[in-house]
Amino acid sequence: MMKVRFDRNTCTGCFACYVACIAEHHGPEEADAGSFRRVEKVTDLAAGFQKNVCPGCIHCGKCINVCPSGALYREETYGLVLADKEKCTGCRACESVCPMQVIRFDEDGKAEKCDGCISRIKEGRKPACKSVCCTGAIRMEER
Amino acid sequence: MGETKIVKTSCAVCGACCEIDAYVEDGKLVSVEGAKNTPMQEGGMCAKGVAAAQFEYNPERILYPMKRIGEKGEGKFARISWDEAYDMIAENLLKVRREYGPEATVFYVGYPKWFRPAMLRFANLYGSPNFCTESSTCFQAAALAWKSIYGNRICGPDLNNTKTLLIWSSNLYHSKTTTSGSYQALKKRGVKIIDVDPRHTVTAHDADLHLQLIPGTDGALALSMAQVIIEEDLYDHDFVENYVFGFEEYREYVQKFPPEKAEKITGVPADKIRRAARLYAGNGPASLMFSASPIVHHISGVQNYRAVFSLIALTGNYDVEGGNRTQPGPFSPANEFGKVKRYDGKEAIGQKDFPAWFDLPCQEAQCTRLADYILEEDPYPIKAVFSAGMNHRMWPKPGHLLEALKKLDFYVNTDMFWSDASTVADLVLPACTSYEREEVQTKPGGRFFFSNRVVEPLGEAKNDIEIIMEVMKRMGLEDEVLAKGYDAYMQYILEPSGLTLEELKAHPEGMKGKNLYPPAVKTYEREPFHTPSGKVEIRSLVLERYKDTHGYSGLPVYQDFREIAGVDQKQYPLILNTGSRKPQFFHSRVYRMPWLAGIEAEPMVEIHPEDGKKYGIEDGAKVRVVSPAGEMTGAAAYHVGGKPGVVYIYHGSPHGDANELIGKDYLDPISGFPGFKSYFCRMERV
């Protein structure tokens, strides 16, 4: 089973994971395509320091516990948390508990989220975000 | 879905040329990963590189040779054949040479840079001294500052052996993202890191000591560090006595910059200046990580950088293990880059204005004032420009250059994209991306890499060098190296290394050259420095040649831009800094990639919240920025990482280019580099 970590302290806000996520899930013609990661501004006023970080899903499963329709589930092979849009009723309960705030909703209000790049993992590759990260801020461990 | 192929190639979105594993399905580029187990690369990538598909398949790609059919600048073009295009170029360039002389044609290379030597060969054989590149506003001034002191090419830091690293204005996490791991490894090894940067960047955040100076005051800071090092007797007496020219005058001059005085100029607390000086001079070996442009994008940039570079000699950290070294790793020779000399039998553009540029030769002319030279026909008429990757947004007042380009008799540009500089051309030619061509690359450590073609060229795009070869053929210009075709050319590059093209192709992971020379130290003990005095010239005899005519000083004197700019700072109370790196941009090239351009608002005007309150501009509000040279509007973004009083805008946006705010004559008198990073402005609510 995979355990995904994101270290906000190590993240330098280079946006590589943010863009890698878009590139993995969309074709180049999709100009408006979004990332399953998000950009968050972190400010330390006293230190006069500010940076961006790009948090993504850590597959903790908190969203599964609150989903009334079973649209969010943990797949068995790698333990990744996936969204089944067909089942989603758009109640947004998942959004309220997501510690990383990375569940988004499509035009019909259905939940969409990081799929852990499961198709890449099946091919023996690392998830797109992890593969580009130059600082070690995104880590994946077997648990 | 077809089979997936993984092909070794390289990214050329920026100049770093990171090695890439490209995933190709049914002839399409579908995915990229950073190459692993490659020196300086640990498999990661940056935001720009990983958006490769949107670069390769961008709707703004130029696909066919296109000839202007409307008025100049109107943007109306018609497709023609390559044959017609080649004939049109040959006819026009020969005509200009016949009527105005060869110097009337300027040969220009923007991005990418890999075919510069081939273009230089073309210019030489045509007989024009005017081979120019985008280095007229990027990096070359840093090289000039270095060469004026040490007489050779810039020596990088020996990171493997250094104990203290002085990073002078490089936010490498964002400008050289793939080296992030190497930077972190230094910290883990216990290397002390001093970072000099006007902003509290992520790179500065990870340093042991951050000197947050006012942009453009680098010289005063470096001279002050020297003052401490000399006063506290922390300098290397042996090296200075034996190898440094001008030390006594320098020692005397730096006395003007005790830390308390430097604090007033630079904004860096005196105590921090002392600590930095003691650490750099006392915890050796120490090395300096240089940056391409931030220090020389000031009107006192060359002298400021000379003051910084002088610290290396002062502390004896030149060409020693862990210092700045001529050859920190193994080395294998190659042809072309740095080997082709520019034809200098005629006066080049920029030569009268910036003579030291030519005395410390970088084998290219200085074209920062290209627009003036075209419009004023001074020093002589410029009637044609043959360029590849022309990007007017690399210049201050880019619109001025665009207008000048329209005045030419003949202007042809080869590019991958329909840039604004292409739409004013008479003829536009489609260039291959790095994914569409083959290239032999020389790498650090005596290594060579063959960058494969991974997809077929889009439309009728061609490799830049093959275009140059064919144009020369049509003009009857036979260069002994270029005439033999592209494969022979790649073999020629490799020849001194002892490798053949065939064996390099058979080793996709790259190969070390067979003629491999070991790392070197203290090369100065075997041969003198290549300067007029044969020593390290803290006092430059080359610069002193132009004391009377151009006012250059041999010593790395500090002149404060706020005093010499001649701008009314009551009217323009804020310092304007354009082009400091953002991780998602590279000049103007990637604004056309929505995955990157959409990350943040652009153009983004980064201001300190205190200034926001002072001028009534809220975070996210629309703001007008006005300088003595122009104005633009953008989105204000509060950023506490910079100091109050300084405005930061990334340049090159088609929606408001910050470089339009920089005066065209606001230049460093030695290098001709624009003062992009310390001009003046005010802000207004919109």
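Residues numbered from 1 in each chain as written. Chains lettered and ligands numbered in written order. Predicted model: local features only at pLDDT ≥ 70, side-chain atom pairs only at ≥ 80, totals over all residues.

1. Re the packing of helix H9 (residues 218–231) of chain B against helix H13 (residues 270–282) of chain B
Residues and elements named next belong to chain B. The cut-off we apply is this: Orientation is described by lines fitted to C-alpha atoms, with helices fitted over the stretch in contact, and by angles between N-to-C directions that extend from 0 to 180 degrees. A run of H or I in DSSP becomes a helix once it reaches four residues, and a run of E becomes a strand once it reaches two; helices and strands are each numbered from the N terminus. Each angle is binned into one of four classes, with values under 35 degrees roughly parallel, values over 145 roughly antiparallel, values of 65 to 115 roughly perpendicular, and all other values oblique. Helix crossings fall into two classes, left-handed where the near helix is turned counterclockwise from the far one by less than a right angle and right-handed where it is turned clockwise. Throughout, a pair of residues is in contact if the C-beta atoms placed from their backbones lie within 7 Å. Residues are grouped as follows: Ala, Val, Leu, Ile, Met, Phe, Trp, Tyr, Cys and Pro are nonpolar; Asp, Glu, Lys and Arg are charged; all remaining types, including Gly, are polar.
Between H9 and H13, whose axes approach to 9 Å, the crossing angle comes to 65°. By the angle between their directions, the pair H9 and H13 is classed as roughly perpendicular. Every pair of crossing elements has a handedness; the one defined by H9 and H13 is right-handed. Contacts from Leu221, Ser224, Met225, Val228 and Ile229 in H9 reach Ile273, Arg274, Ala276, Ala277, Tyr280 and Ala281 in H13. Classifying every residue of the contact of H9 with H13 by side-chain character gives 9 nonpolar, 1 polar and 1 charged.

2. Structural notes on the confidence of the model for chain B
Applied cut-off: What pLDDT reports is the predictor's confidence in each residue, on a scale of 0 through 100.
On average, residues of chain B score 97 in pLDDT, and 99% of them reach the 70 mark or higher. Across the predicted assembly, pTM comes out at 0.97 and ipTM at 0.97.

3. Quick word on the sheet that holds strand E10 (residues 192–196) of chain B
Each strand in a sheet pairs with another by means of backbone hydrogen bonds, the pair being arranged parallel or else antiparallel. Residue and element names in this part refer to chain B. Basically, it comes down to this: What makes two strands pair is DSSP finding at least two bridges between them.
Spatial strand order, E11-E10-E9-E13: 4 strands in an open sheet with parallel pairing. The two strands at the open ends of the sheet, each matched to only one other strand, are strand E11 (209–211) and strand E13 (286–289). Here the strands of the sheet are splayed against their neighbours by 15° on average, with no regard to which way each runs. Of the pairings in the sheet, the one linking E10 to E11 comprises 3 bridges and is parallel in character. Its bridge partner lying in E11, Val196 is registered against Leu211. Across the sheet, H13 is in contact with strand E9 (164–168), E10, E11 and E13; its angle to E11 comes to roughly 125°.

4. Some points on the domain arrangement of chain B
Residue and element names in this part refer to chain B. Where we set the bar: The domain boundaries here were taken from an automatic or database domain assignment.
The domain boundaries assigned to chain B delineate domain 1 (4–56), domain 2 (66–139 + 334–512), domain 3 (156–325) and domain 4 (561–685). Look at where the C-alpha atoms of domain 1 and domain 3 centre, and you get two points 34 Å apart. At the interface, 9 residues of domain 1 touch 6 residues of domain 3.

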